[in-house]
Amino acid sequence: RGADPAAVRKAKVGQKTVNHLAEWFLSEHVQQKLKPTTQAEYQRILDKHIVPALGKTRLDAVTPEMVRRFHQRMSGTPRQANLTIAILHRMFNDAMHLGWRTTPLNPVSGIRKFKENQRTRYLNAAEFKRLWKVLAIEAGEETKRDGVLALRLLALTGRRKSEILKLTWNELDRVEGRMMLSDS
């Protein structure tokens, strides 16, 4: 038929896999542009979910159906599954920009995310009063004072724990009583 099966096999051998893409993604995107806690979460998702399931697969061989089945297997942890799909979507966009995936379709496009349970809960007035009483008692101990102050700031501002614990003096305006977070 005029085809060259050896050339086709040779071309497939040289194609990048999801493993190659994951390594590139970690070094060029995750470590360069994301905060340390997000970096750790992305690394964990790649190591625990993406690489074991798809790592040896050639980028051009990954299909929407493979991704859909992969996502479906994670249905027991919907938030984790959705984050994993979001990471994969970004990775395949990068693969197409790099020319590593010649198929013009991102195999993650069209994958519907799972509905996630809302996890927000606020203290009612009685619970808040009890919390404040306990914190007042604990603030009397020298070794607990910093922790109590951090908990009070968390309760009053709604900031993230890492934002409060990494707060520096130059981010505080003590005259105006304001926080000016440098990267939020």
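Cut-offs used in this document
Residues numbered from 1 in each chain as written. Predicted model: local features only at pLDDT ≥ 70, side-chain atom pairs only at ≥ 80, totals over all residues. Heavy atoms only, no water. Axes fitted to C-alpha atoms, helices over the stretch in contact; angles between N-to-C directions. Helix = DSSP H or I, 4+ residues; strand = E, 2+ residues; numbered from the N terminus. Parallel < 35°, antiparallel > 145°, perpendicular 65-115°, else oblique. Left-handed = near helix turned anticlockwise from the far one by under 90°. Contact = heavy atoms within 4.5 Å. Nonpolar A, V, L, I, M, F, W, Y, C, P; charged D, E, K, R; others polar. pLDDT = per-residue confidence, 0-100. Salt bridge = Lys/Arg side-chain N within 4 Å of Asp/Glu carboxyl O. Buried < 20%, exposed > 50% of the residue type's maximum accessible area, 1.4 Å probe, protein only. 1 Å grid on protein atoms, 1.4 Å probe; cavity = no way out; pocket = protein on both sides within 12 Å on 5 of 7 lines; lining within 4 Å. Points joined across faces, edges and corners; volume = space filled by probe spheres on them. Patch = residues over 30% accessible without salt bridge, like charges linked within 9 Å, V, L, I, M, F, W, Y side chains within 5 Å. Areas by Shrake-Rupley, 256 points an atom, 1.4 Å probe, with all protein chains shown as cover. Phe/Tyr/Trp six-rings, centres within 6.5 Å; stacked < 30°, edge-to-face > 60°. Lys NZ or Arg CZ within 6 Å of the ring centre and 35° of its normal.

## A short note on the packing of helix H3 (residues 36-54) against helix H4 (residues 64-73)
H4 packs onto H3 with a crossing angle of 140° between their chain directions and a minimal axis gap of 12 Å. Judged by the inter-axis angle, H3 sits oblique to H4. Seen along the crossing, H3 lies across H4 with a hand that is right-handed. Contact residues: His49, Ile50, Ala53 and Leu54 in H3; Met66, Phe70 and Arg73 in H4. For the contact of H3 with H4, the residue count by class is five nonpolar, one polar and one charged.

## Here we look at the side chain of His49
Here His49 lies in helix H3. Among residues more than four places away in sequence, those in contact with His49 are Arg44, Phe70, Met74, Gln80 and Thr84.

## A word on the confidence of the model for the protein chain
Confidence in the prediction for the protein chain averages 90 pLDDT; 94% of positions are at 70 or higher. Element-level mean pLDDT values for the protein chain span from 59 in helix H1 (residues 5-13) up to 97 in H4.

## Some points on the pattern of salt bridges
Applying the stated rule across the entire model yields eleven salt bridges. With a closest N to O distance of 3.2 Å, Asp94 and Arg90 form a salt bridge. Here the residue Asp94 and the residue Arg90 both occupy positions in helix H5 (residues 78-98), the gap between them amounting to four residues, near one helical turn. Its relative accessible area of 9% is what places Asp94 among the buried residues. Its salt-bridge partner being Glu163, residue Arg159 comes within 3.0 Å of it at the nearest N-O pair. Using a relative accessible area of 32% as the deciding quantity, one classes Arg159 as partly exposed.

## Points about the layout of surface pockets
It is the rolling of a water-molecule-sized probe over the atoms that shows where space remains empty. Quantified by volume, the largest pocket comes out at close to 460 Å³. Lining the largest pocket are 15 residues, and of these Leu149, Leu153, Leu167, Trp169 and Leu172 lie nearest its centre. Ranked by the residues each element gives to the lining of the largest pocket, the list is headed by helix H7 (residues 145-157), at four residues. When the residues that make up the lining of the largest pocket are grouped by side-chain class, the tally is nine nonpolar, two polar and four charged.

## A short note on a nonpolar patch on the surface
A cluster of nonpolar side chains, namely Leu123, Phe128 and Leu156, defines an oily patch on the protein surface of about 280 Å² accessible area. Mapped onto the fold, Phe128 is located in helix H6 (residues 125-138). Phe128 sits in the partly exposed class, given a relative accessible area of 30%.

## As for the packing of aromatic side chains
Aromatic ring pairs are defined here through the distance separating the ring centres and the angle between the ring planes. Throughout the structure, instances matching the rule amount to three aromatic pairs. With centroids separated by 6.3 Å and ring planes inclined at 10°, the aromatic side chains of Phe25 and Tyr42 adopt a geometry described as stacked. With a gap of 17 residues between them, Phe25 in helix H2 (residues 18-33) and Tyr42 in helix H3 connect regions that are remote in the sequence. Phe25 sits in the buried class, given a relative accessible area of 0%. For Tyr42, a relative accessible area of 18% translates into the label buried. Directly above the ring of Trp100 sits Lys16, whose terminal nitrogen or CZ lies 4.9 Å from the centroid.

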